Protein chains: 2
Amino acid sequence: MNNHLIQLGHGSGGRMSRNLITQLFARYFANDTLRPLGDSSYIAGQTSQLAFTTDSYVIDPVFFPGGNIGQLAVCGTVNDLAVSGAIPRFLSAGFILEEGLSLKDLEKIVAAMAVEAANAKVQIVTGDTKVVRRGQCDKIYINTSGIGEIPEKHAHFTRKPAMQPGDKILLSGSLGDHAIAVLAARENLYLEEPILSDVAPLNHLAQLALEQPEQVLQMRDITRGGLATILVELCENQSFGIEVLENEIPIKQPVRSVCELFGFDPLYLANEGKMLLIVKNGTEKDILKRLRSNLAGANATLIGEITDRHPGKAIMQSVVGGKRLLDMLHGELVPRIC
Amino acid sequence: MNNHLIQLGHGSGGRMSRNLITQLFARYFANDTLRPLGDSSYIAGQTSQLAFTTDSYVIDPVFFPGGNIGQLAVCGTVNDLAVSGAIPRFLSAGFILEEGLSLKDLEKIVAAMAVEAANAKVQIVTGDTKVVRRGQCDKIYINTSGIGEIPEKHAHFTRKPAMQPGDKILLSGSLGDHAIAVLAARENLYLEEPILSDVAPLNHLAQLALEQPEQVLQMRDITRGGLATILVELCENQSFGIEVLENEIPIKQPVRSVCELFGFDPLYLANEGKMLLIVKNGTEKDILKRLRSNLAGANATLIGEITDRHPGKAIMQSVVGGKRLLDMLHGELVPRIC
């Protein structure tokens with residue numbers, strides 16, 4: 001037995017599980033709601049509506065430039081809540097660990113979760129740990145589920161969004177950083193200018209946008225499937241279409257270079273700290289100003305608008321002047337990106 | 001490409017993911033809260049307190065006598081809520097799928113989840129699907145997180161339980177059925193009398209017990225770690241001890257036989273449809289009567305009591321007259337039991 005490695009007994013529900021929970025998880029995630037370590041955690045009721053979401057994280061490699069799976073597991077779920085108009089409040093954390101995982105790596109991951117939870121102002125209040133034999137998972141998979149509170153003034157997010165021709169499409173920053181950072185780490189690419197993942201909680205940025213909540217019609221975090229898939233989802237089978245301008249979409253030069261090398265289209269790459277906003281026509285300048293006041297939104301930009309010219313279709317006006325019909329991602333570009 | 005098998009593209013976030021969600025998950029889990037398929041689901045606020053819990057399921061084999069991983073994933077999380085004094089309401093479902101999993105098997109699992117959710121009166125309102133390459137998980141892992149509502153009259157469950165010497169310990173039925181059913185399936189044991197898992201939602205039984213909520217001090221579902229681990233957890237570092245009588249603990253004969261064969265102690269085996277109740281002294285007959293009125297509680301029985309004779313210790317009076325000090329499970333008896 002090696003005391004520095006995860007063993008099957010850590011998932012047994014017995015003494016070793018208990019020790020792992022009290023000495024690692026409860027120590028880092030310390031809060032009064034988690035502390036009783038019961039079958040469920042008790043949280044205060046809210047008269048306002050709640051948002052509820054879940055995501056499993058299976059990213060490879062577990063540590064990547066700019067973050068690790070723990071940070072990602074907190075940010076990803078916080079972001080799903082934030083773009084739903086919710087104030088993220090409570091997270092669960094479900095760990096699937098591979099026998100032989102180093103306890104040091106697990107501690108780094110758990111520590112990063114605690115830091116990111118504090119940063120995003122959420123509490124990790126309930127959890128679970130399973131251990132599988134070597135070769136039955138890849139180091140560590142984490143599920144986080146999240147509960148957020150919908151303030152009354154955000155209630156329109158819980159209804160079907162009312163988008164009109166002329167409404168504007170904003171992007172909070174450059175595309176593809178996360179996917180390319182992970183790919184570079186996995187493939188051991190040598191990059192002159194290293195690319196860091198953009199993994200970050202978006203709730204602070206969402207809050208800035210929602211200072212005037214009625215100005216914002218819908219928000220989406222741009223994860224798997226990338227920008228193009230979301231644009232198609234937004235207008236498919238709708239009475240309106242979407243038009244975006246290729247040369248307004250910010251993509252960093254090193255990301256662009258790797259994309260050319262691999263034949264990737266950055267419109268389909270995953271991000272973990274970028275959002276799309278659909279805002280009422282005429283409010284875009286106001287909102288961009290607020291977004292840009294935050295470092296995470298410094299490169300926020302107007303990329304297109306809702307149109308009645310081609311209902312149900314998302315079209316990109318290319319740099320060279322042509323028009324390109326966008327479709328959802330087909331197949332898979334980069335597996336295990338989150 | 002084989003259309004009958006899960007492919008990496010099913011986890012891409014693109015068109016294939018969308019089709020899997022709309023044609024499989026949303027079809028079986030159909031409900032108005034899930035239907036918009038947004039980044040989060042919106043649920044009504046509750047002025048009463050909420051219970052929040054999470055569990056990942058990695059059971060091997062995925063299909064076992066008496067159930068499958070989908071059924072287990074719904075029941076396990078429902079049970080954590082139920083024993084916390086909550087009325088289970090909403091579940092999330094996060095799937096990690098191995099490339100090459102048959103879509104037919106996935107459909108069976110999802111169908112079982114839908115049936116069990118209806119049975120337990122919960123809705124599956126949000127989900128996530130990730131696909132990893134062959135050999136990076138074992139067929140399918142499922143995380144379910146759950147939200148339940150704590151009625152005002154159950155509010156004492158959210159506080160530290162007030163147990164007194166003389167309070168009684170009830171067990172809802174026989175021990176070890178789930179663990180032995182899974183083990184038998186995994187090891188291809190030939191049993192003259194087949195053993196079925198006891199996997200079942202406990203909320204109906206909990207509700208019967210809680211018809212007089214003040215009579216019930218605490219409930220626990222007896223999963224990993226088994227009865228002995230829970231008894232130790234309940235009294236460790238407390239001013240009271242626990243005493244149980246071995247010959248009052250129901251264990252089916254075929255379970256007992258397999259235990260003898262493998263050298264297992266049934267007190268440490270996992271169950272997925274059994275609960276322990278600590279009830280006020282004098283109320284045990286009332287409660288047993290109510291529990292036995294339900295098929296799932298037909299063998300409910302009084303197994304012991306809270307005592308001040310040996311504070312902090314859980315002791316079992318054996319059939320032959322000796323006393324045995326119980327400890328939590330050490331190491332792991334049967335990995336991947338849930």
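Residues numbered from 1 in each chain as written. Chains lettered and ligands numbered in written order. Predicted model: local features only at pLDDT ≥ 70, side-chain atom pairs only at ≥ 80, totals over all residues. Heavy atoms only, no water.

A word on the domain arrangement of chain A
Residue and element names in this part refer to chain A.
Thought 1: Here the domain parsing of chain A yields domain 1 (41-156) and domain 2 (160-325).
Thought 2: A straight line from the C-alpha centre of domain 1 to that of domain 2 covers 24 Å.
Thought 3: Each partner contributes to the interface: domain 1 provides 25 residues, whereas domain 2 provides 26 residues.
Thought 4: Buried area between domain 1 and domain 2, both sides added, is near 2000 Å², and the carbon and sulfur share of it is 64%. (Domains from an automatic or database assignment. Contact = heavy atoms within 4.5 Å. Buried area = accessible area lost by both parts, 1.4 Å probe.)

A short note on the relation of the copies chain A and chain B
Thought 1: Screw-axis analysis of chain A against chain B gives a translation of 0.0 Å along the axis, an RMSD of 0.0 Å, and a rotation angle of 180 degrees. The relationship between the two copies is best expressed as a two-fold rotation axis. In terms of C-alpha distance to the rotation axis, chain A has A:C137 as its closest residue, with the C-alpha 2.2 Å off the axis. (Least-squares fit on C-alpha atoms with pLDDT ≥ 70 in both.)

So, the packing of helix α2 (residues 69-82) of chain A against helix α3 (residues 103-120) of chain A
Residues and elements named next belong to chain A.
Thought 1: Running from amino to carboxyl end, α2 crosses α3 at an angle of 30 degrees, the nearest separation of the two axes being 7 Å. Judged on the interaxial angle alone, α3 and α2 are roughly parallel. Of the two elements, α2 crosses α3, and the hand of that crossing is right-handed. Across the interface between the two elements, I69, G70, Q71, V74, C75 and V78 of α2 pack against I109, A112, M113, E116, A117 and A120 of α3.
Thought 2: Partitioning the contact of α2 with α3 into residue classes produces nine nonpolar, two polar and one charged. (Axes fitted to C-alpha atoms, helices over the stretch in contact; angles between N-to-C directions. Helix = DSSP H or I, 4+ residues; strand = E, 2+ residues; numbered from the N terminus. Parallel < 35°, antiparallel > 145°, perpendicular 65-115°, else oblique. Left-handed = near helix turned anticlockwise from the far one by under 90°. Nonpolar A, V, L, I, M, F, W, Y, C, P; charged D, E, K, R; others polar.)

Concerning the side chain of B:S48
Thought 1: Structurally, B:S48 can be placed in the loop between β1 (41-43) and β2 (50-57).
Thought 2: With residues up to four places along the chain from it excluded, the contact list for B:S48 reads A:G45, B:E149 and B:I150.

Quick notes on the interface of chain A and chain B
Thought 1: Taken together, the contact between chain A and chain B spans 76 residues of the former and 76 residues of the latter.
Thought 2: Surface buried jointly by chain A and chain B totals about 5900 Å² across both partners, of which 54% is contributed by carbon and sulfur atoms.
Thought 3: The residue A:D327 makes a salt bridge to B:R15 at a minimum N-O spacing of 2.8 Å.
Thought 4: Remark: the boundary between chain A and chain B carries 43 residue pairs in polar contact (both at pLDDT 80 or more).
Thought 5: In terms of residue count, strand β6 (residues 123-132) of chain A provides more of the side of chain A that touches chain B than any other element does, eight residues in total. (Salt bridge = Lys/Arg side-chain N within 4 Å of Asp/Glu carboxyl O. Polar contact = N/O pair within 3.5 Å; in protein donor to acceptor, adjacent residues only side chain to side chain.)

A word on the sheet that holds strand β8 (residues 168-171) of chain A
All names here are of chain A.
Thought 1: One open sheet holds the seven strands; their spatial order is β9-β11-β8-β12-β10-β13-β14, and the pairing between them is mixed. Where the open sheet ends on each side, the last strands, each with one partner, are β9 (216-221) and β14 (323-325). Here the average twist between neighbouring strands, direction ignored, is 25 degrees.
Thought 2: Contacting β8, β9, β11 (275-279) and β12 (301-307), helix α8 (residues 284-292) crosses the sheet at an angle of about 10 degrees to β8. (Pairing = 2+ DSSP bridges.)

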